Amino acid sequence: MGEDSPRLAAFSQIEDGGFAEAEAMIEGDAESLILHRDGDSIRAWLNICPHAGRRLDWAPGQFLKSREGHLVCAVHGATFELSGGVCVAGPCRGESLRPVAVAVRDGDVVLDSP
Ligand code: FES
């Protein structure tokens, strides 16, 4: 508490509607995160697919987006809607990505610690 959150990314470097990958310590573990920009807001989830526990990007920070605007896991094609991170098609339909609280402060995306 009271410690500065390290910067995950520069908000302006994430394209609107696009993704970025960042590394962060979550509950003492080094984790990869999916960052998704939606207009002026940012959302984040652990970069762990609920299907088989793999990363969703095909190369670091390279995420697939479907024509419908969903995030698609590069491994077996699980498809996630981007408001709540729920799998809407594919092998883990109905399961969800694990959300991570993030915020934008002074133009930087940071972990939003309570
Ligand atoms: S690990 Fe993502 S769809 Fe299988």
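One can find the structure itself at the top, above this paragraph.
Keep in mind it's a predicted model, so treat the numbers as computed, not measured. (Residues numbered from 1 in each chain as written. Predicted model: local features only at pLDDT ≥ 70, side-chain atom pairs only at ≥ 80, totals over all residues. Heavy atoms only, no water.)

Asker: Tell me about the sheet that holds strand 7 (residues 79-80), and please be specific about residues and values.
Answerer: One open sheet holds the 4 strands; their spatial order is 5-6-7-8, and the pairing between them is antiparallel. Strand pairing shows two members of the sheet lacking a second neighbour, strand 5 (64-65) and strand 8 (87-89), which therefore form its edges. Bridge count for strand 6 (residues 71-72) against strand 7 is 2 bridges, and the pairing is antiparallel. When the bridges of strand 7 are listed, Val-72 appears paired with Thr-79. (Pairing = 2+ DSSP bridges. Helix = DSSP H or I, 4+ residues; strand = E, 2+ residues; numbered from the N terminus.)

Asker: Hey, could you go over the nonpolar core for me, with residue numbers and the actual values?
Answerer: The biggest cluster of nonpolar side chains holds 17 residues, and the ones touching the most others in it are Leu-8, Leu-33, Leu-35, Val-100, Val-102, Val-109 and Leu-111. Contributions of two or more residues to this core are made by strand 1 (7-10), strand 2 (19-26), strand 3 (29-38), strand 4 (41-46) and strand 11 (108-111). Considering each element in turn, this core owes the most residues, 4 residues, to strand 2. Those residues in contact with Leu-8, other than ones at most four positions away along the chain, are Ala-22, Glu-23, Ala-24, Leu-33, Leu-35, Val-102, Val-109, Val-110 and Leu-111. Within the second largest apolar cluster, 14 residues are counted, among which are Phe-19, Phe-63, Cys-87 and Leu-97. (Core = buried A, V, L, I, M, F, W, Y, C linked by side-chain atoms within 4.5 Å. Buried < 20%, exposed > 50% of the residue type's maximum accessible area, 1.4 Å probe, protein only. Contact = heavy atoms within 4.5 Å.)

Asker: Please set out the pairing of strand 2 residue by residue, giving values where relevant.
Answerer: Of all the 8 residues making up strand 2, 6 are buried; the element is thus mostly covered by neighbouring parts of the structure. Bridge count for strand 2 against strand 3 is 8 bridges, and the pairing is antiparallel. Looking at the pairing, Ile-26 lines up with Asp-29 of strand 3. In this structure, the hairpin formed by strand 2 and strand 3 is closed by a connection of 2 residues, where Glu-27 is found at a positive phi of approximately 50°.

Asker: Lay out the packing of aromatic side chains with the relevant residues and their values.
Answerer: This structure, assessed with the given rule, holds 1 aromatic pair. Seen from their ring centres, Phe-19 and Phe-63 are 5.6 Å apart, and the 50° between their planes marks the pair as tilted. On the criterion of sequence distance, the pair formed by Phe-19 in strand 2 and Phe-63 in the loop between strand 4 and strand 5 is long-range, its members being 44 residues apart. We classify Phe-19 as buried; its relative accessible area is 15%. Of the residues examined, Phe-63 reaches a relative accessible area of 11% and is grouped as buried. (Phe/Tyr/Trp six-rings, centres within 6.5 Å; stacked < 30°, edge-to-face > 60°.)

Asker: Which residues make up the environment of Ser-83, and what values do they have?
Answerer: Here Ser-83 lies in the loop between strand 7 and strand 8. By relative accessible area, Ser-83 is classed as exposed at 55%. Here the alpha-carbon distance between Ser-83 and Glu-15, two residues 68 residues apart in the chain, equals 17 Å. When neighbours within four sequence positions are excluded, Ser-83 is seen to be in contact with Arg-43 and Trp-45. In terms of polar contacts, Ser-83 uses its side chain to reach the side chain of Glu-81, at 2.5 Å. (Polar contact = N/O pair within 3.5 Å; in protein donor to acceptor, adjacent residues only side chain to side chain.)

Asker: Help me get a handle on unusual backbone geometry, residues and values and all.
Answerer: Positive phi values are uncommon outside glycine, yet Glu-27 reaches one of about 50°. With respect to the element layout, Glu-27 can be found in the loop between strand 2 and strand 3. Non-glycine residue Asp-106 carries a positive phi angle of around 55°. Of note, Asp-106 is situated in the loop between strand 10 (102-105) and strand 11. Asp-106 gets classed as exposed once you look at its relative accessible area, which sits at 83%.

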